[in-house]
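Observations on the three-dimensional arrangement
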Amino acid sequence: MDAEILGTGAIGAISVPDSKPPIEIVADGRESVVREFVTDGSKPQVLSRYENRRLAERAVRKQLSNSRYPCALVWETTQSVGGLLWNDQFKRLQVTYSQLLAAWTVASATDEFMFCALEGNQQATRFAKSIQRDYEFKHLEIQTKAGAVDRIIDHRFLRQSITDSGVQFTR
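Reading the values: the criteria
Residues numbered from 1 in each chain as written. Predicted model: local features only at pLDDT ≥ 70, side-chain atom pairs only at ≥ 80, totals over all residues. Heavy atoms only, no water. Pairing = 2+ DSSP bridges. Helix = DSSP H or I, 4+ residues; strand = E, 2+ residues; numbered from the N terminus. Axes fitted to C-alpha atoms, helices over the stretch in contact; angles between N-to-C directions. Contact = heavy atoms within 4.5 Å. Buried < 20%, exposed > 50% of the residue type's maximum accessible area, 1.4 Å probe, protein only. Polar contact = N/O pair within 3.5 Å; in protein donor to acceptor, adjacent residues only side chain to side chain. pLDDT = per-residue confidence, 0-100. Patch = residues over 30% accessible without salt bridge, like charges linked within 9 Å, V, L, I, M, F, W, Y side chains within 5 Å. Areas by Shrake-Rupley, 256 points an atom, 1.4 Å probe, with all protein chains shown as cover. Salt bridge = Lys/Arg side-chain N within 4 Å of Asp/Glu carboxyl O. Expected span 1.5 Å × (residues − 1). Arc of directions from axis to C-beta.

Before going further, it helps to spend a moment on the sheet that holds strand β4 (residues 71–75). The strand order across the open sheet built from five strands is β3-β2-β1-β4-β5, with neighbouring strands paired in mixed fashion. Single-partner strands in this sheet number two, and they are β3 (46–50) and β5 (81–86). Direction aside, the axes of adjacent strands within the sheet are offset by 20° on average. Taken together, the five bridges between strand β1 (residues 23–27) and strand β2 (residues 32–36) define a ladder with antiparallel strand orientation. Residue pairing for β2: I23 is matched across the bridge by E36. Sheet contacts for helix α2 (residues 53–65): β1, β2, β3, β4 and β5; angle to β1, the most-contacted strand, approximately 170°.

As for its placement among the helices and strands, E141 is situated in strand β9 (residues 139–143). E141 gets classed as buried once you look at its relative accessible area, which sits at 7%. Polar side-chain contacts of E141 include one of 3.3 Å to the side chain of R92. Of the polar contacts made by the side chain of E141, one reaches the side chain of Q143; its length is 2.8 Å. Those residues within four positions of E141 in sequence are excluded, and the remaining contacts are R92, L93, Q94, V95, V149, R151 and I152.

This paragraph deals with unusual backbone geometry. A positive phi angle, near 55°, is found at A102, a position not held by glycine. Position of A102 among the secondary structure elements: in the loop between β6 (92–98) and β7 (103–108). Here E136, not a glycine, exhibits a phi torsion of approximately 60°, which is positive. With respect to the helices and strands, the residue E136 is situated in the loop between α3 (121–135) and β9.

Next up on the list: the pairing of β1. Burial runs high along β1: four of the five residues are buried. Counting the residues between successive antiparallel strands, the hairpin from β1 to β2 contains four residues, one of them, G29, with a positive phi of roughly 105°. Note that β1 and β4 share three bridges and pair parallel. Looking at the pairing, I23 lines up with A72 of β4.

Bringing the confidence of the model for the chain into the picture now. Overall, the prediction assigns the chain a mean pLDDT of 84, with 85% of residues at 70 or greater. Of all secondary-structure elements in the chain, the lowest mean pLDDT belongs to helix α1 (residues 2–6), at 34, while β9 reaches the highest, 97. Ignoring residues within four places in sequence, the model shows residues 1–12, a span with pLDDT below 50, making three contacts including any to other chains.

On to a nonpolar patch on the surface, then. On the surface, L100, L101 and M114 cluster together to form a nonpolar patch covering roughly 330 Å² of accessible area. Within the element layout of this structure, L101 appears in the loop between β6 and β7. A residue is classified by how much of its surface remains accessible, and L101, at 43% relative accessible area, is partly exposed.

In a regular helix each residue adds 1.5 Å, so 13 residues correspond to 18 Å; α2 covers 18 Å between its end C-alpha atoms and thus fits that length. Taken residue by residue, α2 has A56, E57, V60 and L64 as its buried positions. In a view along the axis of α2, the buried residues occupy a sector of 100°, so they form one face of it. Residues R54, R58 and K62 are exposed on α2 and point more than 90 degrees away from its buried face. Of the surrounding elements, those touching the buried residues of α2 are β1, β2, β3, β4 and β5. Where α2 begins, one side-chain oxygen reaches toward the backbone nitrogen of R54, 3.2 Å away; that side chain belongs to N52.

Next up, the structure:
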C-alpha cells in the first residue's frame, strides 16, 4: 500500500549543495573590495566595491545573511586579519543521534538540510569533519547518544587564531 501512495523511488537522496568559499574585504588604497577568498593562487572573483571598509562590512553582513557564503575575512593589512564575520547558517554543524532513523545524522544546527545519516558515530564524525572543512562551518559539535555535547571542533581560522594580534600570513 505504501508503494502505491508514494510511488517507486519517491523517497531518496538529494544531492549535496555546492560549497562556496569564504569572502574577504580588502582595502586597496582608495576603496574596499569584496571578493571570494582563494588560496590556490587563482584570481579571486570580485563581488563588489565600496568607498570605505565600513560600508563594505555593512554590505557583507547583509550579504552573509542572504547567501550561502560561510564567512568573511576583514583584512587590516595585507598580512593580518582584523576580524571574521560568520553567516548564521554556518556557525554550527552537528553530529547527533536520531532515534527515528536509528542513525547518526550530520546537519547544520539552523538549516533543514541533513548531509547524511550513518550507522556509526566514528564514520559520521569523520564525514562531518570533511563537511566542516569543505563548507567552512565555524564549529563542529559532536554529541553523545543521549544528546549531551561530547566535543566541539573549531574552524581552522579559529584554531590558528588568525585574528590575534601579531599573527601574520600571506593570502
